[in-house]
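In case you want the letters, here they are:
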Amino acid sequence: MSETESIPYETRGRYHRTELHAIPTGSNQENKAQRVVKELLDLAGYKNVAVKMFGRNNVESIVKAFFVTFHNFETHQQQADRLGRYAVRFDPETYFMPTVLAKPRDDTKPVPFSAEIHESSQRIK
């Protein structure tokens, strides 16, 4: 959980045919979700989260999809190290000026974007 008791970033999770999309919302908003998911968010202590559910809606699948969705959050430093890129936030309160949240460590190589892969494959030919 982040300092606002919300999730740090948007995430998705899927269990069989049930898919959950979790989105952090503005501060001082209650959780917006399906009944079972809202109870799970309240029990886990999350606030300011909106969850959209797709697919099957039986309780067992919803609970398992919830745990898949909310189990593996990374810190900003872990994301920067894994991707080899800076983790930044564009905050509307600062007129979308980037704020650096984490820098990659020296030994990590950046993961290329799909456009970079496409350009390099064209140069080989």
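Refer to the structure above for everything that follows.
What counts and what doesn't
Residues numbered from 1 in each chain as written. Predicted model: local features only at pLDDT ≥ 70, side-chain atom pairs only at ≥ 80, totals over all residues. Heavy atoms only, no water. Helix = DSSP H or I, 4+ residues; strand = E, 2+ residues; numbered from the N terminus. Contact = heavy atoms within 4.5 Å. Salt bridge = Lys/Arg side-chain N within 4 Å of Asp/Glu carboxyl O. Pairing = 2+ DSSP bridges. Axes fitted to C-alpha atoms, helices over the stretch in contact; angles between N-to-C directions. Patch = residues over 30% accessible without salt bridge, like charges linked within 9 Å, V, L, I, M, F, W, Y side chains within 5 Å. Areas by Shrake-Rupley, 256 points an atom, 1.4 Å probe, with all protein chains shown as cover. Phe/Tyr/Trp six-rings, centres within 6.5 Å; stacked < 30°, edge-to-face > 60°. Lys NZ or Arg CZ within 6 Å of the ring centre and 35° of its normal. 1 Å grid on protein atoms, 1.4 Å probe; cavity = no way out; pocket = protein on both sides within 12 Å on 5 of 7 lines; lining within 4 Å. Points joined across faces, edges and corners; volume = space filled by probe spheres on them. Nonpolar A, V, L, I, M, F, W, Y, C, P; charged D, E, K, R; others polar.

**What about the environment of Tyr9?**
No. 1: Note that Tyr9 resides in the segment before strand S1 (11-15).
No. 2: Remark: the alpha-carbon pair of Tyr9 and Thr25, spanning 16 residues in sequence, is separated by 9.9 Å.
No. 3: Leaving out residues up to four positions away in the same chain, Tyr9 has contacts with Ala22, Pro24, Asn72, Phe73, Glu74 and Gln79.

**Description of the pattern of salt bridges**
No. 1: Under the definition given, this model contains five salt bridges.
No. 2: A salt bridge links Glu30 to Lys38; the nearest nitrogen and oxygen atoms lie 3.3 Å apart.
No. 3: The partner of Asp81 in a salt bridge is Arg105, and the shortest N-O contact between them spans 2.5 Å. Remark: Arg105 occurs in the loop between strand S5 (97-102) and helix H4 (114-124) and Asp81 occurs in helix H3 (residues 76-83); sequence separation between them is 24 residues.

**Structural notes on the sheet that holds strand S3 (residues 49-55)**
No. 1: On the basis of which strands lie adjacent, the open sheet formed by three strands has the order S1-S2-S3 and antiparallel pairing. The open sheet has two free edges, formed respectively by S1 and S3, since each of these has just one partner strand. Each adjacent strand pair in this sheet contributes to an overall mean axis angle of 20°, direction not counted.
No. 2: Across seven bridges, the pairing between strand S2 (residues 18-24) and S3 is antiparallel. Note that in S3 the partner of Glu19 across the bridge is Phe54.

**Concerning a nonpolar patch on the surface**
No. 1: Together, Tyr86, Val88, Phe90, Phe96 and Val100 make up an exposed nonpolar region whose accessible area comes to about 530 Å².
No. 2: Tracing the chain through its elements places Phe90 in strand S4 (residues 87-91).

**A closer look at the packing of aromatic side chains**
No. 1: A complete count under the given rule lists three aromatic pairs for this structure.
No. 2: A centroid spacing of 5.7 Å and a plane angle of 80° characterise the contact between Phe66 and Phe67, whose relative ring orientation is edge-to-face.
No. 3: Taken together, the aromatic side chains of Tyr46, Phe66, Phe67 and Phe70 make up a single cluster linked through ring pairs.
No. 4: Over the aromatic face of Phe54 sits the side chain of Lys52, whose NZ or CZ is 5.8 Å from the ring centroid.

**Structural notes on the layout of surface pockets**
No. 1: Reported here for the second largest pocket is a volume of approximately 210 Å³.
No. 2: In this structure, the second largest pocket is lined by Pro8, Tyr9, His76, Gln79, Ala80, Leu83, Arg85, Tyr86, Ala87, Val88, Arg89 and Leu101.
No. 3: For the lining of the second largest pocket, the secondary structure elements donating two or more residues are H3 and S4.
No. 4: In terms of residue class, the lining of the second largest pocket is built from eight nonpolar, two polar and two charged.

Function cannot be read off these values alone, since they describe shape.
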